[in-house]
Amino acid sequence: MQPFVIAPSILSADFARLGEEVDNVLAAGADFVHFDVMDNHYVPNLTIGPMVCSALRKYGVTAPIDAHLMVSPVDRIVGDFIEAGATYITFHPEATQHIDRSLQLIREGGCKSGLVFNPATPLDVLKYVMDKVDMILLMSVNPGFGGQKFIPGTLDKLREARALIDASGRDIRLEIDGGVNVNNIREIAAAGADTFVAGSAIFNAPNYQEVIEKMRSELALARP
Ligand SMILES: O=C(CO)[C@H](O)[C@H](O)COP(=O)(O)O
């Protein structure tokens, strides 16, 4: 299993001070920047795109940027995210017409690729593209908004995804996104996740470092 990674979702950051917020959360111990892209079509909300990703790179952010595309169609925006400096680009299988082609586009651009599964979306397609994904992201809320409650059924799905990853023998990250906090992160890790997106739990806290340290202490108990 890969080392644990904490990836704050900037969806809950103060967008008026985004560069500073990203600096602060990385200085507080975060590993990745989780970058939520919403198009008001695939999901009922509108956020940020490749220009903001590129602006963060120009501002000096060197940490991995994990771009979660909640957009449809997928392919025509992939190139812009590659150019903007994304590290991971993940998308929802039902948001593209040709899953294999979209994954290839991402890899050919030098980025790491991944598929995202909504709470009620089965993992079936994975068996056909396991060699083409670097990350599997399970949504533990319905996508579109931060601050929702973790859907407990996702724990079984995490165990299912972990078994598929282990059987593949590949180093694929298993990321969880939605309602992750200090109180549930240990149980989520025990179910097989290694990469933890947390938006409101981190950015709504008065002290980012304190929350991230508490998360790491909980994670250490999940994998002693
Ligand atoms: O993708 C997302 C919503 O679609 C967000 O990343 C996610 O919900 C994180 O926010 P929180 O930790 O507050 O639940």
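Calculation criteria
- Residues numbered from 1 in each chain as written.
- Predicted model: local features only at pLDDT ≥ 70, side-chain atom pairs only at ≥ 80, totals over all residues.
- Heavy atoms only, no water.
- UniProt positions renumbered as here; feature names shortened; annotations may be inferred.
- 1 Å grid on protein atoms, 1.4 Å probe; cavity = no way out; pocket = protein on both sides within 12 Å on 5 of 7 lines; lining within 4 Å.
- Helix = DSSP H or I, 4+ residues; strand = E, 2+ residues; numbered from the N terminus.
- Contact = heavy atoms within 4.5 Å.
- Points joined across faces, edges and corners; volume = space filled by probe spheres on them.
- Nonpolar A, V, L, I, M, F, W, Y, C, P; charged D, E, K, R; others polar.
- Pairing = 2+ DSSP bridges.
- Axes fitted to C-alpha atoms, helices over the stretch in contact; angles between N-to-C directions.
- Near = heavy atom within 4 Å.
- Polar contact = N/O pair within 3.5 Å; in protein donor to acceptor, adjacent residues only side chain to side chain.
- Areas by Shrake-Rupley, 256 points an atom, 1.4 Å probe, with all protein chains shown as cover.
- Sits in = over half its atoms within 2 Å of the grid points.

**Q** What is the right way to look at the UniProt feature "active site" (unreviewed entry) in the chain in this model?
**A** In the numbering adopted here, UniProt assigns the feature "active site" (unreviewed entry) to Asp36 and Asp177. In sequence the annotated residues extend across 142 residues, while in space they remain close, none of their C-alpha pairs exceeding 10.6 Å. From the set just named, the residues that line the largest pocket comprise Asp36 and Asp177. Relative to the helices and strands, Asp36 is located in strand E2 (residues 33-38). Look past the residues within four positions of Asp36 in its chain and what remains in contact with it is Ser9, Leu11, Thr47, Ile48, His68, Met70 and Asp177.

**Q** Which parts of the structure should I look at to understand the layout of surface pockets?
**A** Unfilled space is identified by rolling a water-sized probe across the atoms. Taken as a whole, the largest pocket spans an internal volume of roughly 280 Å³. Along the walls of the largest pocket sit 27 residues, with Gly146, Gly147, Asp177, Gly178 and Gly179 positioned nearest its centre. Looking at the lining of the largest pocket, the elements that each hand over two or more residues are E2, strand E3 (65-70), strand E8 (195-198) and helix H8 (200-203). Partitioning the lining of the largest pocket into residue classes produces 12 nonpolar, 12 polar and 3 charged.

**Q** Sorry if this is basic, but what is going on with the environment of Ala67 here?
**A** Mapped onto the elements of the fold, Ala67 is located in strand E3. Sequence spacing of Ala67 and Phe35 is 32 residues, and the spatial spacing of their C-alpha atoms is 4.6 Å. Apart from the residues within four sequence positions on either side, Ala67 is in contact with Phe35, Phe81, Ala86, Tyr88, Ile89 and Thr90.

**Q** Could you clarify how one ought to interpret the sheet that holds E2 in this entry?
**A** The strands making up a sheet associate through hydrogen bonds between their backbones, and the pairing can be parallel or antiparallel. Taking strand neighbours across the sheet as the criterion, the 8 strands line up as E1-E8-E7-E6-E5-E4-E3-E2 in an open arrangement whose pairing is parallel. On the outer flanks of this sheet lie strand E1 (5-8) and E2, each paired with one strand and no other. Put simply, the sheet's adjacent strands are angled 25 degrees from each other on average, direction ignored. Against the sheet, helix H3 (residues 75-84) contacts E2, E3 and strand E4 (88-91), and its axis sits at roughly 165 degrees relative to E3.

**Q** Got a minute to help me understand the site of the ligand in this structure?
**A** The full set close to the ligand counts 21 residues, and Asp36, Gly144, Gly147, Gly199 and Ser200 are the nearest of them. The separation between an oxygen atom of the ligand and a polar side-chain atom of Asp177 is 2.8 Å. At a separation of 2.5 Å, an oxygen atom of the ligand approaches a polar side-chain atom of Ser200. The fraction of the free accessible surface of the ligand (370 Å²) that becomes covered by protein chains is 100%. Most atoms of the ligand, that is more than half of them, are within 2 Å of grid points of the largest pocket. Looking at the shell around the ligand, the elements that each hand over two or more residues are E2, E3 and E8. Taken together, the residues that form the shell around the ligand break down as 9 nonpolar, 10 polar and 2 charged.

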